[in-house]
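The primary structure of each chain is shown beneath.
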Protein chains: 2
Amino acid sequence: MIDRIAILGTGLLGPSAGLALRAAGFGGTITGWNRGMEGARTALSMGALDVIATDPLQAARESQVVLLAVPIYATLDWMEQLAPVLGPEHLVTDVGSTKAQITAAAGRFFNNPERAGFLPGHPMAGKERGGAALGDANLFRGAVWLFTDDPAWQRSAESAALAADWRKWVAAMGSKTLDLDSARHDELVGWVSHLPQFVATALSALLEEEVGDAPELKDVGGRALREMTRLGASPYSMWRDIAYTNTEAVERTLLALEQRLAHVRENLKTPELRDEFEQANRFRRE
Amino acid sequence: MIDRIAILGTGLLGPSAGLALRAAGFGGTITGWNRGMEGARTALSMGALDVIATDPLQAARESQVVLLAVPIYATLDWMEQLAPVLGPEHLVTDVGSTKAQITAAAGRFFNNPERAGFLPGHPMAGKERGGAALGDANLFRGAVWLFTDDPAWQRSAESAALAADWRKWVAAMGSKTLDLDSARHDELVGWVSHLPQFVATALSALLEEEVGDAPELKDVGGRALREMTRLGASPYSMWRDIAYTNTEAVERTLLALEQRLAHVRENLKTPELRDEFEQANRFRRE
């Protein structure tokens, strides 16, 4: 049923979605647009796009599904620009990492019978480095693709059917879908995604200060250190909008971990340390 | 030159050393001993040992090199037991994760011309789970094997030659060797090994409390969460002695990270966050 897709944004996720759709058998047209031509050309040359659009709004109008694959504030900007030029025959969806503001905007600008539908989405997949060149048809395989759809929205029949079909393509790309309330989404990803990132950033920054002048010492840490600091390579540009749009949840998780580390520090020689290890073991039980 | 090795302890590292020595072409005899017979039998059946000793002190006397592959306090106990029964024709070495106490004991009980030599060693290799069954001939490949030898020690010519030969076998097992002062060793591994472990433990324990009742939510975190909590599976039994013998260094690293996390938390919406990401990026630059 979906036959024409426009992908706005050719960082890592947009081209990966194009490649994954192709690998899953999508036979329609994929039009792409990016603010910088280099990323768009890379995506085109990889086969993630069929054509590069010069006018993104026109490309959106000519497609059935618009996939916004840009940072969160850019997503919110596109939502305001797209809402007046699209109609009930369109569906817009996104890949933004926080969902409260995007879902609120989706209710405000979309999702009534006279407007385009908007299905807020968030694939839990990525790499610590971005860019079209790292686009990967298997990026979403085995990942969870979250949606924060609101059951109260009244979409046009056409956009509702497109949303149902997009969910099928997400499954065909290899992802498991999970529906969450947008507030619960932001709280949950605060714990399982944002906290691990900010910890890896803080740990990497601290270690750069302590042992960064002696590169041979990094090798000493081996696989464990490499894993615990891999996300330290993530660029600020990828995380700025998350820090701004999920601030309170991230603050809560960071404060909780600070307290937990202090508890470990104060109990290195007491039985409390055993309890802490055993509680951690439970999280990793098979 | 080394032709007879005794390995005391058949957890993960002892059998891995046996297998790695074999893979590197060691043609001599490897005698093993373990407090529990099951681990010893597993190591024997894997080919990591040639024979299981019933009397560890006799096995040590009949070997040239004794590899202590047991936890830190057990290593210290063995050092006291072995020193009086071995002589200048022997070398003892170990794999303990902290080196200040072991190196001090090595100076006290070993390393004079009338005594056995003791070469304090620490391969930076391991797994988050222990046991002979996980023994792996490639465990030390690409790892750094640290030594905290003291240039002031005056070893017998024979034990000095065995120490030099043991270093060659360590290289043959695929490890890069690095010599450090024992105090610097404990400080360094506090940063690059112990801190990452205690962070993973605290993070895993915290997440068990927050999302542990909803296993499907763990999947949401994907690869990043799996990596950041893999070490959460490490057992207390493996880390207790480290917490006890490197307490001050670990306290310092934990306190430094707590302060760093608080700094991130207080600056989620300021340019300081960019600086923190850029500093972290530097740690991970290729």
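Residues numbered from 1 in each chain as written. Chains lettered and ligands numbered in written order. Predicted model: local features only at pLDDT ≥ 70, side-chain atom pairs only at ≥ 80, totals over all residues. Heavy atoms only, no water.

Trainee: With reference to specific residues and values, describe the relation of the copies chain B and chain A.
Mentor: Once chain B is rotated about the relating axis by 180 degrees and shifted along it by 0.0 Å, it coincides with chain A to within an RMSD of 0.0 Å. In short, the pair behaves as if placed about a two-fold rotation axis. With an isologous cut-off of 70% or more, the 100% of interface residues of chain B that recur at the interface of chain A puts this contact in the isologous class. (Least-squares fit on C-alpha atoms with pLDDT ≥ 70 in both. Contact = heavy atoms within 4.5 Å.)

Trainee: Break down the sheet that holds strand E9 (residues 176-179) of chain A for me, with residues and values.
Mentor: Residues and elements named next belong to chain A. If you walk across this open sheet you meet the three strands as E7-E8-E9, and the pairing is mixed. Across the chains shown, the open sheet's two edge strands, defined by having one partner strand only, are strand E7 (121-123) and E9. Adjacent strand axes in the sheet meet at a mean angle of 20 degrees when their direction is disregarded. Where strand E8 (residues 144-147) meets E9, four bridges bridge the pair, whose relative direction is parallel. Directly across from Val 144, in E9, lies its bridge partner Lys 176. The strands that helix H6 (residues 157-172) touches are E8 and E9; relative to E8, the one it contacts most, it runs at about 160 degrees. (Pairing = 2+ DSSP bridges. Helix = DSSP H or I, 4+ residues; strand = E, 2+ residues; numbered from the N terminus. Axes fitted to C-alpha atoms, helices over the stretch in contact; angles between N-to-C directions.)

Trainee: Which residues make up the environment of Val70(B), and what values go with them?
Mentor: Residues and elements named next belong to chain B. Secondary-structure assignment places Val 70 in the loop between strand E4 (65-68) and helix H4 (72-82). The class of Val 70 is buried, set by a relative accessible area of 17%. With 44 residues separating them in the primary sequence, Val 70 and Glu 114 have C-alpha atoms 26 Å apart. When residues no more than four places from it in sequence are discounted, the contact partners of Val 70 are Leu 8, Gly 9, Thr 75 and Trp 78. (Buried < 20%, exposed > 50% of the residue type's maximum accessible area, 1.4 Å probe, protein only.)

Trainee: Any chance you could break down the packing of aromatic side chains for me, citing the residues and the numbers?
Mentor: Applying the stated criterion across every chain yields a total of 16 aromatic pairs over all chains. Geometrically, the ring pair formed by Phe140(B) and Trp145(B) is tilted, given 5.0 Å between the ring centres and 45 degrees between the ring planes. Of the two residues, Phe140(B) and Trp145(B), both sit in the buried class. Following the ring pairs from residue to residue traces out a cluster consisting of Phe198(A), Tyr236(A), Trp239(A) and Phe277(B). Positioned above the aromatic ring of Phe109(A), the side-chain terminus of Arg108(A) is 5.1 Å from the ring centre. (Phe/Tyr/Trp six-rings, centres within 6.5 Å; stacked < 30°, edge-to-face > 60°. Lys NZ or Arg CZ within 6 Å of the ring centre and 35° of its normal.)

Trainee: I'd love a proper account of H4(B), names of residues and values included.
Mentor: Taken as a whole, H4(B) has its buried residues at Ile72(B), Thr75(B), Leu76(B), Trp78(B), Met79(B) and Leu82(B). Down the axis of H4(B), the sector holding all buried residues measures 160 degrees, keeping them to one side. (Arc of directions from axis to C-beta.)

Trainee: Could you give an account of the interface of chain B and chain A, naming the residues involved and the relevant values?
Mentor: The interface is formed by 79 residues belonging to chain B together with 79 residues belonging to chain A. The contact between chain B and chain A buries some 8,100 Å² in all, and 69% of this surface belongs to carbon and sulfur atoms. Here chain B and chain A share ten salt bridges between them. For the salt bridge of Glu227(A) with Arg230(B), the shortest nitrogen-to-oxygen distance reads 2.7 Å. Going through the elements one at a time, strand E8 (144-147), strand E9 (176-179), helix H7 (182-211), helix H8 (215-229), helix H9 (236-245), helix H10 (247-266) and helix H11 (272-283) of chain B are the ones with two or more residues in the side of chain B that touches chain A. (Buried area = accessible area lost by both parts, 1.4 Å probe. Salt bridge = Lys/Arg side-chain N within 4 Å of Asp/Glu carboxyl O.)

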